[in-house]
Amino acid sequence: MEPVRPRVGLVLGAGGILGAAWLQGALAALVDETGWDPGSAEFVVGTSAGSVIGTLLACGVPPWYMVAHSAGESFDGLLDAAGDRASEVPQSAGGGYSLERALPKPGPGSWRLALGALKEPRRLPPAALLAGWIPRGFVSTRPIQDVVRAACPADWAPHPGLRVVACDYGSGKRVAFGAPGAPTALLPEAVAASCAIPGFYVPPRIGGRTYVDGGLWSVSNLDLLAREELDIVICLNPTSSRDGAGALPGRVLRAAAGRRLGHEAKRVRAGGAQVVLLQPLAEDLAVMGENLMAGGRRHAVIERARQTMSWQLRDLHGELDALPAGAAPFTGRPAGPPESWPPFEESARERFAAA
């Protein structure tokens, strides 16, 4: 009799360009140490930078490929989901910048959110209370959307459990695109909304409403899985840390993120799931620095995360031994030259069609 396959949830938190880099390195280490395919989780919840990496996983792009592509490996002959050369996709995973052509309007980015926060300040997290007053951003989300389109040309990812978290810029409420009852959105738009930091990116409009970064509600949003009857929930959160390293402002923000993460973890554990929290160590923070939007250290962060995450996973003493083993191309390179490999998105669709 075969053992019962555990129901696993994967949560990828916010963290800017370097948070995305840390997630790529951490996921690669998770695969190396456990043999598990993160893209096979029943649910993949991504917020901001985590929504980009979670979407790539949900579209079949494996962590080993993300790391190799970031290092500059070209994979001659391999095509992306749109039929273009995979080597032409930017190595920054959407972290490049381009200015929007139209100048932003002066004044608060969302009068409705700003005034609503004054009337009912207790209904929103602190970041969302302030977000309405910040002027609208001027950096385009097109590079982010282009990376998503290269991974998946369809309206949504082949993974049925992908959840992309954003905030409604009018009400401040959390929206998990992809969840039952959530507004309909195209995948590139949803990920762009999840990443749209107020005052930096131009906030996308979806279905007549404007959305911004899901990190305004929570940088982790782990509690979205509290009622999903899962056995194991693995959360990788780049913006919190158990190590009190770095400059004071960063330590304060990481401590606040950690407290929120702890509260959310309690809710998920109350639902019966084992929760494993994985966060940057002091060695990671030393490479990441305080500006998580500075891409120059991106690959150094990836490599350090591979190392430190391996340390963390080896200290878990078997907590993840129940994870099922994955297979190529999701946990390792397929046999043969890259031009003979099927597109990752096609492999992902076959995986979920067979599930």
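Computed from a prediction, not measured in an experiment: that's the story for all the values here.

Give me the lowdown on unusual backbone geometry, citing residues and values where you can.
Trans is the prevailing form of peptide bonds, just as negative phi is the prevailing case for residues other than glycine. With omega at 5 degrees, the peptide bond leading from A328 into P329 counts as cis. Tracing the sequence through the fold places P329 in the loop between helix 10 (298–314) and helix 11 (344–354). Even without being glycine, F75 reaches a positive phi, approximately 55 degrees. Mapped onto the secondary structure, F75 falls in the loop between helix 3 (63–70) and helix 4 (111–119). Overall, the relative accessible area of 3% leaves F75 in the buried class. Residues other than glycine seldom take positive phi values, yet N221 does so here, at roughly 55 degrees. With respect to the element layout, N221 can be found in the loop between strand 6 (209–213) and strand 7 (232–236).

So what's going on with the packing of helix 1 (residues 16–34) against helix 2 (residues 49–58)? Which residues, and what values?
Closest axis-to-axis distance for the helix 1/helix 2 pair is 8 Å, and the angle between their directions is 40 degrees. Between helix 1 and helix 2 lies a crossing of right-handed hand. Counting all contacts with helix 1, which are made through G16, A20, L23, Q24 and L27, the residues of helix 2 involved are A49, G50, I53 and L57. Classifying every residue of the contact of helix 1 with helix 2 by side-chain character gives six nonpolar, three polar and no charged.

Break down the nonpolar core for me, with residues and values.
Counting residues in hydrophobic clusters, the biggest one holds 75 residues, and the most contacted among them are W22, F177, L187, I234, L236 and L320. Ranked by residues supplied to this core, first place goes to helix 1 with 10 residues. Counting residues in hydrophobic clusters, the runner-up holds 16 residues, among them F43, L222, A226 and A273.

Cut-offs used in this document
Residues numbered from 1 in each chain as written. Predicted model: local features only at pLDDT ≥ 70, side-chain atom pairs only at ≥ 80, totals over all residues. Heavy atoms only, no water. Helix = DSSP H or I, 4+ residues; strand = E, 2+ residues; numbered from the N terminus. Buried < 20%, exposed > 50% of the residue type's maximum accessible area, 1.4 Å probe, protein only. Axes fitted to C-alpha atoms, helices over the stretch in contact; angles between N-to-C directions. Left-handed = near helix turned anticlockwise from the far one by under 90°. Contact = heavy atoms within 4.5 Å. Nonpolar A, V, L, I, M, F, W, Y, C, P; charged D, E, K, R; others polar. Core = buried A, V, L, I, M, F, W, Y, C linked by side-chain atoms within 4.5 Å.

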